[in-house]
Amino acid sequence: MGQAGQNEFLGLTSRTKAQAQNVFSKQNGGTEEETRLLHFTYYKMSQFWKPGTEKPQILDDEEGGILFFSAPPSSSSRFGYSSIEKQRQRLPVYKYRNAILYLVETHATSIIVGETGSGKTTQIPQYLNEAGWAEGGRVIACTQPRRLAVQAVASRVAEEMGVKLGEEVGYVIRFEDLTKPGATKIKFLTDGVLLREMMDDPLLTNYSVIMVDEAHERSLSTDILLGLLKKIQRRRPELRIIISSATIEAKTMSSFFNTRRANGKTVEAIEPRKDPAILSVEGRGFNVQIHYLEEPASDYLQAAVSTVLSIHDQSFLDPAPQHCSRLFVLPLYSGLSRADQDLIFSPTPRGKRKVIVSTNIAETSLTLEGIVYVVDSGFSKQRFYNPISDIENLVVAPISKASARQRAGRAGRVRSGKCYRLYTEEYFVNEMSAEGIPEMQRSNLVSCVIQLKALGIDNILGFDWPASPAPEAMIRALEVLYSLGIIDDDAKLTSPIGFQVAEIPLDPMISKMILSGSLLGCLEEVITIAAILSVQSIWVSVRGVQKEMDEVKLRFAAAEGDHVTYLNVYKAFLQSGKSSQWCYKNFINYHAMRKVMETREQLKRITQRLGIALKSCERDTQVLRKAITTGFFANACRLEAFSQAGMYKTIKSSQEVYIHPSSVLFRVNPKWVIYNSIVSTDRHYMRNVIAIDPSWLTEAAPQFYHHQRGEKVAY
Ligand code: ADP
Ligand code: MG
């Protein structure tokens, strides 16, 4: 098996290792998936539900939201060690401890469904550790789709176990590894990071149990991971997989593991059982009353604010004029700094009421204590990709019923709660879709394809996906990768570019930019740009001082565009001695700059490992922009000649796009630009824009673009 064979490949790069071992590339008529589904729902201590009898209800019908109000009296989470023990025992999952351990012992895959807050994420890894699954240097992994959740649950578990984070309990997110090899027993990581680890260790031999958490979210990486784990299981029967999910979506997962059942193949009774077990953790808290609007809201933000204030008014019997000052309002989103995260989890100050304004990260990924009221806007930001226009953007889109239920479920944990839905009941019943669309089916697949290729999976369309991606999206991805020189005529990774790109944990377009930067002698600059593009924004936005902010921005602004402007900011930041004061004065986000420096160091290390030269182009921005073009040529746009309004069209698909007001090129409108990403509100706006010369496009991607009649470039 894998382990023995691995040494033979030590001389090869990690990618070739995965390929040479041929771990995944065998696709012909799998025999591995003959998993027969056994509904194995546990609902009373040591009494199991048997197939063929009536199944107990898994989840009941309460529903969910996006702003959270915790009760003013503190339900403090600061307890001493023994209280933590007691608190652990009070969690719904505790009653199932033995059942879970039994299932994991006897089944290759266990699916555990339990509502948010029941203790799946924080407890199950500890149970496994207590039962010895981390003995002999083995590691228990628990994946999360979100980085913030990885950090939060890892610190919580370390706290519960009374150990220092980074020792027995650690975490890994992209560009941040807080584990200690040899000491770490429970490791939280993003599913994306686990996929990357697979490139070095295709069979994930370090892990005894892998818990794929929040599977109901159906993130792109979760789905890829599940497809691959299914294959790994065939080679490593001793590996245990736990799929945990907050919703009934688990059924999709079970049928995924059950696809071969229709073929009528039978499974021998061998240890461990290959048929997945499903366990449902029961245990609702209190009743949650649902309120709907009578008329649809025209502005959900306004509606949310007034709902919050009226809840606040009603529940304070003496609505003193200063009562608003009793509100303790905190934002919660994935880019939040560690200090701000701590505030979210810390007890509410006396006499105050906490209001948490959250993205859907609080829908299931994070458990916040003491929520009594939920206000559900009915929207979330979702990624949508259109393979025809080749535009992927984040749009504020309606949520599904399943999400609405999750949101409501966040109230009523400590006492009966209320959920205010900012939409009508009629809308909920008749118009909301039952489930969300898996990310796999609404994403740009470039990164996904390259990762599978790096693992030696060449027949990507024939891959056993939990949800099949759209063929158009797949074709687009192959096309872009081909033009980037990452895959060859046979759709195999090229050497060295393709393998090197796969090695860099960034969007392939950025990775390509980095590699070209090395060839063109501006690696110093491109890694700075890559690091800056990997944070949400380096600017802080402060309301009411837009004019001052714009003036400050002008000091750094470069006529070439945002990327060069960022370099100016970075240089000035270094010159200031990395001063937080300087950041404050210049409306620069100090935390983001720290993150940029860390990421840049990591990228430097990666490029050193790849053996590529770290050179600076000094002030030659043309070389730099050429390097950017080699990565982002597919995002080229041309200003419409007769447009007064700064309208551009993408070269590839003639989509109408505009420069985002946050760009230094807003209103400057150079004739030819390339952008980094699109955000769509009333229009498609290009973010991070740089001016280019159209001849660079044909230079960078001759197959993709070719000259026609003078300077007109056609796709
Ligand atoms: P699940 O994964 O089932 O949604 P978790 O394991 O995340 O549940 O959380 C279980 C319980 O642990 C929560 O109900 C909450 O009481 C507590 N908890 C989790 N994370 C934290 C935290 N960071 N601070 C305080 N309590 C927490
Ligand atoms: Mg969880």
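Just so it is clear, the model here is predicted, and its values are computed rather than measured.

Colleague: An account of helix H23 (residues 590-609) is needed here, citing residue identities and associated values.
Modeller: Between the first and last C-alpha of H23 there are 29 Å, a value that for 20 residues agrees with the 28 Å anticipated at 1.5 Å per step. Against helix H17 (497-503), helix H18 (508-520), helix H19 (523-533), helix H21 (562-575) and helix H22 (580-585) lie the buried residues of H23. Among the residues of H23, the N-terminal cap falls to Asn589, whose side-chain oxygen and the backbone nitrogen of His591 are separated by 3.0 Å. Immediately beyond the C-terminal end of H23, within one or two residues, lies Gly611, with a positive phi of roughly 70°.

Colleague: So what about a nonpolar patch on the surface? Which residues, and what values?
Modeller: Taken together, the side chains of Tyr300, Leu301 and Val396 make up a nonpolar region of the molecular surface, amounting to roughly 270 Å² of accessible area. Among the secondary structure elements, Leu301 is positioned in helix H10 (residues 300-315).

Colleague: Describe in detail the pattern of salt bridges, supporting the description with residues and values.
Modeller: In the structure shown here, the tally under the stated rule is 24 salt bridges. Among the ionic pairs, Arg97 bridges to Glu130, the shortest N-O distance being 2.8 Å. Pair noted here: Arg97 is in helix H4 (residues 97-106) and Glu130 is in helix H5 (residues 120-130), with a separation of 33 residues, a long-range link. The network of salt bridges with shared partners includes Glu85, Arg88, Arg97, Glu130, Arg156 and Glu160.

Colleague: Hey, could you go over the side chain of Asn129 for me, with residue numbers and the actual values?
Modeller: Mapped onto the fold, Asn129 is located in helix H5. Setting aside chain neighbours within four positions, we find Asn129 in contact with Ala134, Ile140, Met161, Lys185 and Ile186.

Colleague: Account for the packing of H19 against H23, with residues named and values stated.
Modeller: With their axes 8 Å apart at the nearest point, H19 and H23 run at an angle of 130° to one another. With respect to each other, H19 and H23 are oriented oblique. Handedness of the H19/H23 crossing: right-handed. Touching Leu523, Glu524, Ile527, Thr528, Ala530, Ala531 and Ile532 of H19 are Val596, Thr599, Arg600, Leu603, Lys604 and Thr607, all from H23.

Colleague: I'd love a proper account of the site of ligand 1, names of residues and values included.
Modeller: Taken together, 14 residues form the shell around ligand 1, and within it Gly117, Lys120, Thr121, Thr122 and Glu369 come nearest. For ligand 1, an oxygen atom lies 2.5 Å from a polar atom in the side chain of Thr121. With respect to ligand 1, the side chain of Thr367 contributes an N or O atom lying 3.3 Å from an oxygen atom. Considering every element that reaches the shell around ligand 1, the biggest residue donor is H5, with 3 residues. Tallied by class, the residues present in the shell around ligand 1 amount to 2 nonpolar, 8 polar and 4 charged.

Colleague: Requested: an account of the pairing of strand S4 (residues 109-114), with residues and values cited.
Modeller: Counting buried residues along S4, 6 of its 6 residues qualify, which places the element largely inside the surrounding structure. Across the two faces of S4 the burial is the same, with Thr109, Ile111 and Val113 and Ser110, Ile112 and Gly114 all buried. As judged from the 5 bridges shared by S4 and strand S10 (residues 240-245), these two strands associate in the parallel manner. When the bridges of S10 are listed, Thr109 appears paired with Ile241. Across 5 bridges, S4 lies against strand S11 (residues 277-281) in parallel orientation. Of the residues in S11, the one forming a bridge with Ile112 is Leu279.

Colleague: Summarise the confidence of the model for the protein chain; cite the residues concerned and give the values.
Modeller: Averaged over the protein chain, the pLDDT score is 82; the fraction of residues at 70 or greater is 83%. Note on residues 259-270: pLDDT under 50 across the span, and 14 contacts to partners over four residues away in sequence or across chains.

Colleague: Could you give an account of helix H20 (residues 546-556), with specific residues and numbers?
Modeller: Of all the positions in H20, only Met549, Val552, Lys553 and Phe556 are classed as buried. Here the buried residues of H20 occupy an arc of 105° about the axis, which is enough to place them on one side. Exposed residues on H20 whose side chains face more than 90 degrees from its buried face are Lys547, Leu554 and Arg555. Among the structural elements, H21 and H22 are those in contact with the buried residues of H20.

Colleague: Help me get a handle on the side chain of Ser663, residues and values and all.
Modeller: Tracing the sequence through the fold places Ser663 in the loop between strand S21 (656-659) and strand S22 (672-680). Of the residues examined, Ser663 reaches a relative accessible area of 6% and is grouped as buried. Within the structure, Ser663 has its side chain in polar contact with the side chain of Asp562 (distance 2.7 Å). Reaching out from Ser663, the side chain makes a polar contact with the backbone nitrogen of Leu665 at a distance of 3.0 Å. When sequence neighbours within four positions are dropped, the list of residues in contact with Ser663 reads Asp562 and Val689.

Colleague: Mind laying out the packing of aromatic side chains, listing which residues take part and the relevant values?
Modeller: Counted by the stated rule, this structure contains 9 aromatic pairs. A ring pair is formed by Tyr292 and Phe428, whose centres lie 6.0 Å apart and whose planes are at 45°; its orientation type is tilted. Of the two residues, Tyr292 sits in strand S12 (residues 288-293) while Phe428 sits in helix H14 (residues 425-430), which places them 136 residues apart along the sequence. Tyr292 sits in the partly exposed class, given a relative accessible area of 22%. We classify Phe428 as buried; its relative accessible area is 6%. Between Trp539 and Phe556, the ring centres sit 6.4 Å apart and the planes meet at 50°, which makes this aromatic pair tilted. Here Phe556 lies in helix H20 and Trp539 lies in the loop between H19 and H20, a separation of 17 residues in the sequence. Like Trp539, the residue Phe556 is buried in the burial classification. Feature note: the residues Tyr292, Tyr423, Tyr427 and Phe428 constitute an aromatic cluster, connected by ring pairs. The positively charged end of Arg683 is found above the aromatic ring belonging to Tyr658, 3.8 Å away from the centroid.

Scoring rules and cut-offs
- Residues numbered from 1 in each chain as written.
- Chains lettered and ligands numbered in written order.
- Predicted model: local features only at pLDDT ≥ 70, side-chain atom pairs only at ≥ 80, totals over all residues.
- Heavy atoms only, no water.
- Helix = DSSP H or I, 4+ residues; strand = E, 2+ residues; numbered from the N terminus.
- Expected span 1.5 Å × (residues − 1).
- Contact = heavy atoms within 4.5 Å.
- Polar contact = N/O pair within 3.5 Å; in protein donor to acceptor, adjacent residues only side chain to side chain.
- Patch = residues over 30% accessible without salt bridge, like charges linked within 9 Å, V, L, I, M, F, W, Y side chains within 5 Å.
- Areas by Shrake-Rupley, 256 points an atom, 1.4 Å probe, with all protein chains shown as cover.
- Salt bridge = Lys/Arg side-chain N within 4 Å of Asp/Glu carboxyl O.
- Axes fitted to C-alpha atoms, helices over the stretch in contact; angles between N-to-C directions.
- Parallel < 35°, antiparallel > 145°, perpendicular 65-115°, else oblique.
- Left-handed = near helix turned anticlockwise from the far one by under 90°.
- Near = heavy atom within 4 Å.
- Nonpolar A, V, L, I, M, F, W, Y, C, P; charged D, E, K, R; others polar.
- Buried < 20%, exposed > 50% of the residue type's maximum accessible area, 1.4 Å probe, protein only.
- Pairing = 2+ DSSP bridges.
- pLDDT = per-residue confidence, 0-100.
- Arc of directions from axis to C-beta.
- Phe/Tyr/Trp six-rings, centres within 6.5 Å; stacked < 30°, edge-to-face > 60°.
- Lys NZ or Arg CZ within 6 Å of the ring centre and 35° of its normal.

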